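# Topology and contacts: notes
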Amino acid sequence: MSLRLFVQTLRWQRVRLAIVIAAGIGWGLLIPLFYNAFSDVVRELANQGAFPRELMSFGSGSLFTLPGALTLGLQHPLAIAMLAVFAIGASAPAVAGERARGTLEVLLARPIPRVGLYASILLALLVAVLIVLVAILGGMVGGTALQGIADELDLAQMPLVVLNGFGLWAAFTTFGLAASVTFDRPGPAIGLSLAYLLINYFLEILGSLWAAAAWTQDYSLFHHFNPGAILTGDFEALDLVIVFMAAVVPVIYALVVWPRRDLAAPS
Amino acid sequence: MEASQEPRPIISTRALTKHYGRVEALSGLTLEVRPGEIFGFLGPNGAGKSTMIRTLLGFLHPTSGTASVLGMDVTLESVEIRRRTGYLPGGIALYDSLTGEQVLDYLSDMQGRAPFRRAELCDRLELPGPVLRRRVRDYSRGMRQKIGVVQALQHDPELAILDEPTEGLDPLMQQAFYRILDDLRREGRTVFFSSHVLPEVERLCDRVAIIRAGRLMAIHEVDELLARRRRRVTLRWRGSAPDPSVLPGLEDIEIDGNRVIGTLSGEVAGFVRAIASPSLEDLTIEPASLEEAFLEYYASEGEPS
């Protein structure tokens, strides 16, 4: 583990991080506003049968309760994109990009074990992901207070939401970095990591919109992060186990593969 | 009386072999680099020079054979090897968004040793403060190479491994770099560098290894290699040229009136003594060049040594 590399990895991301934090807080503030402004209207329209029943939920969220709306906000493509900026966009090219640019060589020439190098980068990226997640959730809590509906939210459950959400996004981050230490170019690493995320997302959304395919949700990591359920006291420890297992497996893979990889001169 | 003991080699490889799939990048390479010498590693592109260097630093894992650097095994103790080694990669790539100074600070921090020599190196390689405060993306090829040299040597390593170190440096900077290496040698540091620039190997190195297609063709003292070279000799006599049999060591002889042209192998002094005669009017011996020695090795289909 190199503290200098950890700090530098965060420094490389600082502009992006500032922008995404601002966007995350903004997005978080908007969700309670939407809920407060539109949930009654949507509920009324739904009761009148204006929408097919399947469209009443998107992923595991809904606009009918504040916790459901928060789930919706965290499973919305905008929130996914914000978190994926670091979980995929920064992790997948982290090592493969250095390799393609040729800078990995000067890095590897330092007296840092490859495992230490991997751990430093991973930790920095996990910190970035955690910061973005906290920014979005912080925005949601702030928005809830601003809308005067804080009593609808059990804030005592929020640490569990953070933990579960972090487990989910840590899984994508570790997958991205595992892909990064596998390939010599960032393109394949980004592609594979993005495909992994999109398949998970597709399974979750497909199952939520099509009753016959509801079983697909169980196979999506997104289905194992349901802030709405946690905030209403319906937390399942198994969800936490699943997302953290999904985070640990790529780490084990990377720790086996990365130190053994031959790093020939960049072509 | 104590038995004389050879100093432990700084770099030692035994039958070092590296395969990439079916491609044999290094084949049974055995060599030793002694403490305090500048050792040249010569070979054309693709000969296996960078593969050798990367194996020594632990970037590649040997297929078979062993290698040690500073007495440590390259597969088991590569971290400690890198702590005590300075490395300049061939065609070095740096972080474009950082300034030269930030790059040096970053790499020095991760090296874990203070950059004792940075100021001196920057001074000698003409890297003043304002230049160091510019972003690397604005640097020329030569400037990047200079930063590469500084990052490799700034922490005063015991061993410097330099892959094509003068690539991109202008002639003045090449001379400055040579003087830096001369000083390192005087201080007892060891330098292992790969090159295909023969005059610089001739100028700098104590010994040279020649590698072709992953195989070690020869290791020689540079002086010995030059002494063994065939030199082109032209002699002019007063009157007619003597019988070629009185010209020891001279081959491929052409006689043109009073002029004899030939190639001389081996020691020059003995030849000069043998031909000393009042009737010898002029003698020209072209300097032996390492380039010719090198070409001879590469032209031959002989077995490696």
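From a predicted model like this one, the values you see are computed outputs, not experimental measurements.

What counts and what doesn't
- Residues numbered from 1 in each chain as written.
- Chains lettered and ligands numbered in written order.
- Predicted model: local features only at pLDDT ≥ 70, side-chain atom pairs only at ≥ 80, totals over all residues.
- Helix = DSSP H or I, 4+ residues; strand = E, 2+ residues; numbered from the N terminus.
- Buried ≥ 20, exposed ≤ 12 C-beta atoms within 10 Å, placed from the backbone.
- Contact = placed C-beta atoms within 7 Å.
- Rg over C-alpha atoms; globule rule 2.2 N^0.38 Å.
- Core = buried A, V, L, I, M, F, W, Y, C linked by C-beta atoms within 7 Å.
- Nonpolar A, V, L, I, M, F, W, Y, C, P; charged D, E, K, R; others polar.
- Pairing = 2+ DSSP bridges.
- Axes fitted to C-alpha atoms, helices over the stretch in contact; angles between N-to-C directions.
- Expected span 1.5 Å × (residues − 1).
- Parallel < 35°, antiparallel > 145°, perpendicular 65-115°, else oblique.
- Left-handed = near helix turned anticlockwise from the far one by under 90°.
- Domains from an automatic or database assignment.
- Arc of directions from axis to C-beta.
- pLDDT = per-residue confidence, 0-100.

A word on the overall build of chain B. From N to C terminus, chain B includes 11 helices and 14 strands. The dimensions of chain B, computed from C-alpha atoms along their principal axes, are 75 × 50 × 45 Å. Counting the 305 residues in chain B, one finds 40% classified as buried. For chain B, long-range pairs separated by at least 24 residues make up 70% of all intrachain contacts whose partners lie at least 6 apart in sequence.

Moving on, we come to the overall build of chain A. Looking only at helices and strands, chain A features 11 helices and zero strands. When the helices and strands of chain A are read in sequence order from the N terminus, they spell out α-α-α-α-α-α-α-α-α-α-α. A compact globule built from 267 residues should have a C-alpha radius of gyration of about 18 Å, and chain A, at 20 Å, falls within 12% of that. Structurally, chain A occupies a C-alpha span of about 65 × 40 × 30 Å along its principal axes. Within chain A, the fraction of its 267 residues that count as buried is 47%. Considering only residue pairs separated by 6 or more positions, chain A has 79% of its internal contacts joining residues 24 or more positions apart.

Before going further, it helps to spend a moment on the nonpolar core. Note that soluble globular proteins tend to have their nonpolar side chains buried in a common cluster. Formed by 141 residues in total, the largest nonpolar core has its most connected members in Leu83, Ile121, Leu125, Val129, Val132 and Ile136 of chain A. Sorting elements by how many residues they give to this core places helix α7 (residues 114-146) of chain A first, with 16 residues. Filtering out sequence-adjacent residues up to four positions away, Val132 of chain A remains in contact with Val20, Ile21, Gly24, Met82, Leu83 and Phe86 of chain A. With six residues, the next largest nonpolar core counts Val233, Leu250, Val260 and Leu264 of chain B among its residues.

It is worth spelling out the interface of chain A and chain B at this point. In this assembly, 19 residues from chain A lie in contact with 24 residues from chain B. At the level of secondary structure, the elements contributing two or more residues to the side of chain A that touches chain B comprise α1 (3-12) and α6 (104-108) of chain A. Residue composition of the side of chain A that touches chain B, grouped by class: 10 nonpolar, four polar and five charged.

Residue and element names in this part refer to chain B. Located in the positive-phi region is Ala213, a residue other than glycine, with phi close to 50°. With respect to the helices and strands, Ala213 occurs in the loop between β9 (207-212) and β10 (215-221). Its identity as a non-glycine residue notwithstanding, Asp252 has a phi of 50°, on the positive side. Looking at where Asp252 falls in the secondary structure, it is placed in strand β12 (residues 250-256).

Turning to the pairing of strand β6 (residues 85-88) of chain B, a few remarks are in order. Residue and element names in this part refer to chain B. Burial along β6 is two-sided: the residues Thr85 and Tyr87 and Gly86 and Leu88 are all buried. Summarising the sheet, β6 and strand β7 (residues 159-163) pair through four bridges and their orientation is parallel. Within β7, the position partnered with Thr85 by the bridge is Leu159.

In this section: the sheet that holds strand β11 (residues 231-237) of chain B. Residue and element names in this part refer to chain B. Pairing is antiparallel in the open sheet, where four strands are placed in the order β12-β13-β11-β14. Each having just a single partner strand, β12 and β14 (280-285) make up the two edges of the open sheet. In this sheet, adjacent strand axes meet at a mean angle of 15° when their direction is disregarded. Pairing of β11 with strand β13 (residues 259-264) involves six bridges; the strand directions are antiparallel. By the bridge assignment for β13, Leu235 is matched with Val260.

Once that is clear, we can look at helix α3 (residues 100-111) of chain B. The end-to-end C-alpha separation of α3 of chain B is 16 Å, in line with the 16 Å expected for 12 residues at 1.5 Å each. Considered for burial, the residues of α3 of chain B that qualify are Gly100, Val103, Leu104, Tyr106, Leu107, Ser108, Met110 and Gln111 of chain B.

Our next topic: the packing of helix α4 (residues 77-87) of chain A against α7 of chain A. Residues and elements named next belong to chain A. At a closest axis distance of 8 Å, the pairing of α4 and α7 adopts a crossing angle of 160°. With respect to α7, the element α4 is oriented roughly antiparallel. As α4 packs across α7, the resulting crossing turns out to be right-handed. Contact with α4, carried on its side by Ala79, Met82, Leu83, Phe86 and Ala87, involves Leu125, Ala128, Val129, Val132, Leu133 and Ile136 of α7 and no other residues of that element. Of the residues contributing to the contact of α4 with α7, the split by class is 11 nonpolar, no polar and no charged.

Interface size, as often reported, equals the accessible area lost upon joining of the parts. By the assigned domains, chain B splits into domain 1 (11-222) and domain 2 (230-287). Using only C-alpha atoms to locate each centre, domain 1 of chain B and domain 2 of chain B end up separated by 43 Å.

Okay, helix α11 (residues 237-257) of chain A next. One turn of the α-helix equals 3.6 residues, which is why residues spaced by three or four share an orientation. All names here are of chain A. For α11, spanning 21 residues, the distance from its first C-alpha to its last is 31 Å, which sits close to the expected 30 Å at 1.5 Å a residue. The complete set of buried residues in α11 reads Asp239, Ile242, Val243, Ala246, Ala247, Pro250 and Ala254. One face of α11 carries all of its buried residues, which in axial projection span an arc of 125°. Opposite its buried face, α11 presents the exposed residues Ala237, Leu238, Val241, Met245, Ile252 and Val256, each directed more than 90 degrees away. Lining the buried residues of α11 we find α7 and α8 (158-182).

Here the focus is the packing of α7 of chain A against α8 of chain A. All names here are of chain A. Between α7 and α8, whose axes approach to 9 Å, the crossing angle comes to 145°. In this structure, α7 crosses over α8, and the sense of that crossing is right-handed. For the pair formed by α7 and α8, the contact residues are Tyr118, Ile121, Leu122, Leu125, Leu126, Val129, Leu130, Leu133, Val134, Leu137 and Val141 on the first element and Met158, Val161, Val162, Gly165, Phe166, Trp169, Ala170, Thr173, Thr174, Leu177 and Val181 on the second. Counted by class, the contact of α7 with α8 contains 19 nonpolar, three polar and no charged residues.

Moving on to the sheet that holds strand β4 (residues 64-69) of chain B. Residues and elements named next belong to chain B. Taken in spatial order, the four strands make up an open sheet running β2-β1-β4-β5, and their pairing is antiparallel. Edge positions in the open sheet fall to β2 (23-33) and β5 (72-73), since each of these has one partner strand only. Across five bridges, strand β1 (residues 11-20) lies against β4 in antiparallel orientation. Each bridged residue has a counterpart across the sheet, and for Thr17 the counterpart in β4 is Ser64.

Let us look at the confidence of the model for chain B. Residues and elements named next belong to chain B. Per-residue confidence for chain B gives a mean pLDDT of 87, with 91% of residues at or over 70. Low pLDDT, under 50, characterises residues 301-305; the predicted model gives this stretch six contacts beyond four residues in sequence or across chains. For this predicted complex, the interface confidence comes out at an ipTM of 0.84, alongside a pTM of 0.85.

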